[in-house]
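Examination of the molecular architecture
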Amino acid sequence: MQVKIPYMRVGAVEVPVPAYQSAGAVGLDLCAAIEAPITLSPGERRLVPTGYAVAIPRGYEGQVRPRSGLALKHGVTVLNAPGTIDPDYRGELKVLLINHGEAPFSVARGERIAQLVICPVGIADLVAVDTLDATARGGGGYGSTGV
């Protein structure tokens, strides 16, 4: 299923347009639109601009997800993964990176820092009731299924 996503460059720093890196990829790589390199110390988080804004259609969301290579090699990930881009948001896409690694991590201009995945979503119509249907799990929470 393909969906058209209008986009525009914002800000003064030019970086590559978000793009799929292989024929089977589902995430568009987002790059760091920064003037000069930034360094994330261990435990530090930073909101990194991407240089682009998008218009996601109603019925879809954008999910900002980590890049597996950064997580594996450096312990760098997206803090609120997946971050949600709502269909009515028109500002610059920014990525909240955190360094969970043991060493400082430097981010360079144009470096691929996250992925944007476009997903269909349902819109809930909440209905107040006096009781909910019973299930085998019931109100069991964290760890209640044996994990």
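The model shown is predicted, which means the values in this text are computed figures rather than measured ones. (Residues numbered from 1 in each chain as written. Predicted model: local features only at pLDDT ≥ 70, side-chain atom pairs only at ≥ 80, totals over all residues. Heavy atoms only, no water.)

This brings us to the pairing of strand E8 (residues 92–99). As judged from the six bridges shared by strand E4 (residues 45–54) and E8, these two strands associate in the antiparallel manner. Bridge pairing in E8 links proline 49 to lysine 94. Strand direction decides the pairing type here: strand E6 (residues 76–78) and E8, joined by three bridges, are antiparallel. Note that in E8 the partner of threonine 77 across the bridge is isoleucine 98. (Pairing = 2+ DSSP bridges. Helix = DSSP H or I, 4+ residues; strand = E, 2+ residues; numbered from the N terminus.)

Once that is clear, we can look at the side chain of glutamine 63. Looking at where glutamine 63 falls in the secondary structure, it is placed in strand E5 (residues 60–65). A polar atom in the side chain of glutamine 63 sits 2.8 Å from the side chain of glutamate 61. Reaching out from glutamine 63, the side chain makes a polar contact with the side chain of arginine 65 at a distance of 2.4 Å. Non-local contacts of glutamine 63, meaning those with residues more than four positions away in its chain, are made with Pro82, Gly83, Gln115, Leu116, Val117 and Cys119. (Polar contact = N/O pair within 3.5 Å; in protein donor to acceptor, adjacent residues only side chain to side chain. Contact = heavy atoms within 4.5 Å.)

Per the UniProt record, the feature "binding site: substrate" (unreviewed entry) sits at Arg67, Ser68, Gly69, Asn80, Thr84, Ile85 and Asp86. Taken together, the annotated residues stretch across 20 residues and extend over separate regions, lying up to 26.3 Å apart by C-alpha. Here, the second largest pocket is lined by Asn80, Thr84 and Ile85 out of the annotated residues. Residue position: serine 68 is located in helix H1 (residues 68–74). (UniProt positions renumbered as here; feature names shortened; annotations may be inferred. 1 Å grid on protein atoms, 1.4 Å probe; cavity = no way out; pocket = protein on both sides within 12 Å on 5 of 7 lines; lining within 4 Å.)

Let us now look at the pairing of E5. Where burial is concerned, most of E5 is hidden: five out of the six residues are buried. Across six bridges, the pairing between E5 and strand E10 (residues 112–120) is antiparallel. By the bridge assignment, arginine 65 is partnered in E10 with glutamine 115. In the sheet, E5 pairs with strand E7 (residues 83–85) via three bridges, with the strands oriented antiparallel. Bridge pairing in E7 links glycine 62 to isoleucine 85. (Buried < 20%, exposed > 50% of the residue type's maximum accessible area, 1.4 Å probe, protein only.)

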